[in-house]
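In case you want the letters, here they are:
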Amino acid sequence: MKIIVTGGAGFIGGNFVHYMLNKYNDYDIICLDALTYAGNMETLEPVMHNPRFKFYKADIADRNAVYEIFEKEKPNIVVNFAAESHVDRSIDNPSIFLQTNVLGTGVLMDACRKYGIDRYHQVSTDEVYGDLPLDRPDLFFTETTPLHTSSPYSASKASADLLVQAYHRTFKLPVTISRCSNNYGPYHFPEKLIPLMIANALYDKELPVYGKGENVRDWLYVEDHCSAIDLIIHKGRVGEVYNIGGHNEKTNLEVVKIILKELNKSENLIKYVTDRPGHDMRYAIDPTKIHTELGWLPATKFEDGIKKTIKWYLDNKTWWQNIINGEYKNYYERHYKGR
Ligand code: NAD
Ligand code: TYD
């Protein structure tokens, strides 16, 4: 079995590479990643010498490069994690989101059609469903909830999902799509809420909470996302969408306070800053389908996952300090200055 994992130098793709190489000792994993600001070879350092792992630096939207890799590797399965993934950056500069998330997905599927594969899996997000109101805790996203996007990021991911479904219907490409809630865990780029708050708290820097901090996210430990994708690519029904989430809703303020408590830091570090434009209020996944059809359940409770994550950031300071002391510094200053 040979699997092409795109975006494997990023947060979830990197965790998936480690998960699959550990779980299957007869699978070859081929990583294809453009190494944008979010891609980090240090994440893949532990597997670079594994004979069952290979890395290609390539852009999924570069047709020639992608075809060349498919021609050479002839994968059985493709799992597409590669994407521009940060909502705030999509507000600053939408066009790269269309380029990678939509056109890149199209190129990958064309390669799958040309060279033939057993499965193309699109890693999507619950953000394609838009948001839910805070005063309706009875509502959840199901796979039939209409797509209703808020940010250029979520709009680009929804567009890609529609394209994937069209390739299935028109060309009979054997596809599956998963829509997961917010992930957290090791190798998470420090621009995102949880790692940003851990890093800032460790430096006694202000913790910038958008608006009132009342927005709700449904947090899932990254390894549980990996186990769900593993099940879908092996047992999921072709043409289907599977929601992934563990019923673990928290307001941003709750998350930030938990992190401060774990690190024994003062809540005075919290700074309320100008809200994100178009900020989605609440995400909440109904995971009934993946549970009943494939038997998937998350293994890690938030209370344990957040402790493990904080410990990972404490034990792997060089990994994230290299990032925050590099080009990311400029982004941080631009994005948070005067907010
Ligand atoms: P990330 O930003 O940490 O990593 C993205 C990776 O893709 C990086 O390694 C980057 O170099 C690579 N990449 C970007 N553009 C590329 C291109 N044109 N060609 C090849 N590689 C490219 O993202 P993440 O948080 O790991 O998210 C991975 C996937 O999961 C994305 O598709 C995202 O939409 C989806 N997702 C993320 C979350 C979450 O909470 N982070 C939740 C649900 C779904
Ligand atoms: P983020 O990690 O960017 O994920 P997403 O927007 O895709 O859910 O943000 C999670 C939540 O945290 C979101 O409601 C925005 C909020 N947030 C802050 O309050 N401050 C910050 O500095 C960041 C990056 C996010």
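Residues numbered from 1 in each chain as written. Chains lettered and ligands numbered in written order. Predicted model: local features only at pLDDT ≥ 70, side-chain atom pairs only at ≥ 80, totals over all residues. Heavy atoms only, no water.

S.K.: Can you walk me through the packing of aromatic side chains in this structure?
M.R.: Note on aromatic pairs: each is described by the distance of the centres and the angle between the planes. Inspection of the entire model under this criterion finds 23 aromatic pairs. When the ring of Phe189 is compared with that of Tyr328, the centres are 5.6 Å apart and the planes differ by 85 degrees; the resulting orientation is edge-to-face. Here the residue Phe189 occupies a position in the loop between strand 7 (183–184) and helix 7 (193–202), and Tyr328 occupies one in helix 13 (residues 328–336), the gap between them amounting to 139 residues. By relative accessible area, which is 8% here, Phe189 ends up buried. The buried category is assigned to Tyr328, whose relative accessible area is 6%. (Phe/Tyr/Trp six-rings, centres within 6.5 Å; stacked < 30°, edge-to-face > 60°. Helix = DSSP H or I, 4+ residues; strand = E, 2+ residues; numbered from the N terminus. Buried < 20%, exposed > 50% of the residue type's maximum accessible area, 1.4 Å probe, protein only.)

S.K.: What is the right way to read the packing of helix 11 (residues 302–315) against helix 12 (residues 317–324) from this model?
M.R.: Two measures define how a pair of helices packs: the angle their axes make with one another and the distance between the axes. Helix 12 packs onto helix 11 with a crossing angle of 75 degrees between their chain directions and a minimal axis gap of 5 Å. The angle between helix 11 and helix 12 places the two elements in the roughly perpendicular class. For the pair formed by helix 11 and helix 12, the contact residues are Trp312, Tyr313, Leu314 and Asp315 on the first element and Lys317, Trp319 and Trp320 on the second. Split into classes, the residues belonging to the contact of helix 11 with helix 12 amount to 5 nonpolar, no polar and 2 charged. (Axes fitted to C-alpha atoms, helices over the stretch in contact; angles between N-to-C directions. Parallel < 35°, antiparallel > 145°, perpendicular 65-115°, else oblique. Contact = heavy atoms within 4.5 Å. Nonpolar A, V, L, I, M, F, W, Y, C, P; charged D, E, K, R; others polar.)

S.K.: Hey, could you run me through the sheet that holds strand 6 (residues 175–180) in this one?
M.R.: Pairing between the strands of a sheet is mediated by backbone hydrogen bonds and can be parallel or antiparallel. Strands sit in the order 3-2-1-4-5-6-11 across an open sheet of 7 strands; the sheet is parallel. Each of the sheet's edge strands pairs with one partner strand only, and the pair in question is strand 3 (53–57) and strand 11 (241–244). This sheet shows a mean twist of 20 degrees between the axes of neighbouring strands, independent of strand direction. Bridge count for strand 2 (residues 28–33) against strand 3 is 5 bridges, and the pairing is parallel. Residue Ile30 lies in a different strand from strand 3, and its bridge partner there is Lys54. Taken strand by strand, helix 1 (residues 11–23) contacts strand 1 (2–6), strand 2, strand 3 and strand 4 (77–80), and its axis lies near 160 degrees from that of strand 1. The sheet strands contacting helix 5 (residues 95–115) are strand 1, strand 4 and strand 5 (119–125), and the helix crosses strand 5 at an angle near 165 degrees. (Pairing = 2+ DSSP bridges.)

S.K.: Where do I start with the site of ligand 1 in this structure?
M.R.: Taken together, 28 residues are adjacent to ligand 1, and Ile12, Asp33, Ser85, Tyr153 and Lys157 come closest. Thr36 has a polar backbone atom sitting 3.0 Å from an oxygen atom of ligand 1. In the model, a nitrogen atom of ligand 1 is placed 2.8 Å from a nitrogen or oxygen of the Asp59 side chain. In the complex, 96% of the free accessible area of ligand 1, which totals 840 Å², lies under the protein chains. (Near = heavy atom within 4 Å. Polar contact = N/O pair within 3.5 Å; in protein donor to acceptor, adjacent residues only side chain to side chain. Areas by Shrake-Rupley, 256 points an atom, 1.4 Å probe, with all protein chains shown as cover.)

S.K.: Is there a simple way to explain the packing of helix 9 (residues 252–262) against helix 11 in this structure?
M.R.: Close contact between helix 9 and helix 11 brings their axes to 11 Å; oriented N to C, the two are set at 55 degrees. Classified by the angle between their axes, helix 9 and helix 11 sit oblique to one another. In this structure, helix 9 crosses over helix 11, and the sense of that crossing is right-handed. Of the residues in helix 11, those touching helix 9 at Val255, Ile258, Ile259 and Glu262 are Phe302, Ile306, Lys307 and Ile310. (Left-handed = near helix turned anticlockwise from the far one by under 90°.)

S.K.: Looking at this structure, I do not really get the pairing of strand 11. What am I missing?
M.R.: Consecutive side chains along a regular strand alternate between the two faces of the sheet. Of the two faces of strand 11, the one lined by Val241 and Asn243 and the one lined by Tyr242 and Ile244 are each fully buried. The pairing of strand 6 with strand 11 spans 4 bridges and is parallel. Directly across from Ile177, in strand 11, lies its bridge partner Val241.

S.K.: Explanation requested: the site of ligand 2 in the structure shown.
M.R.: Taken together, 18 residues surround ligand 2, and among them Glu127, Arg217, Arg276, His279 and Tyr336 come closest. Within the side chain of Asn182, one N or O atom sits 2.9 Å away from an oxygen atom of ligand 2. Contact between ligand 2 and Arg217: an oxygen atom at 2.7 Å from a side-chain N or O atom of the residue. Where the shell around ligand 2 is concerned, the elements lending two or more residues are helix 7 and strand 8 (207–210).

S.K.: Looking at this structure, how should I read the pattern of salt bridges?
M.R.: It is possible for side chains of opposite charge to pair when their charged atoms get near one another. Taken as a whole and assessed by the stated rule, the structure comprises 18 salt bridges. Close ionic contact of Lys23 with Asp230 constitutes a salt bridge, the shortest N to O distance being 2.7 Å. Remark: Asp230 occurs in helix 8 (residues 222–235) and Lys23 occurs in helix 1; sequence separation between them is 207 residues. The exposure class assigned to Lys23 is partly exposed, which follows from its relative accessible area of 46%. Of the charged contacts in the structure, one is a salt bridge between Arg89 and Glu191, with a shortest N-O distance of 2.6 Å. Of this pair, Arg89 sits in helix 4 (residues 87–92) while Glu191 sits in the loop between strand 7 and helix 7, and the two are 102 residues apart along the sequence. What you see here is one network of salt bridges that share partners, running through Arg237, Glu240, Lys289 and Glu293. (Salt bridge = Lys/Arg side-chain N within 4 Å of Asp/Glu carboxyl O.)

S.K.: What is the right way to read the side chain of Asn200 from this model?
M.R.: Counting through the fold element by element, Asn200 comes out in helix 7. Asn200 has contacts with Lys205, Glu206, Leu207, Pro208 and Tyr332, leaving out every residue within four places of it along the chain.

S.K.: In this structure, what is going on with unusual backbone geometry? I would like to understand it.
M.R.: Most peptide bonds are trans, and most residues other than glycine sit at a negative phi. In this structure, Tyr187 is a non-glycine residue whose phi angle is positive, near 65 degrees. Backbone geometry at Asn264 places phi at a positive 60 degrees, although glycine is not the residue there. If you trace the backbone, Asn264 turns up in the loop between helix 9 and strand 13 (270–273).

None of this, on its own, says anything about what the molecule does.
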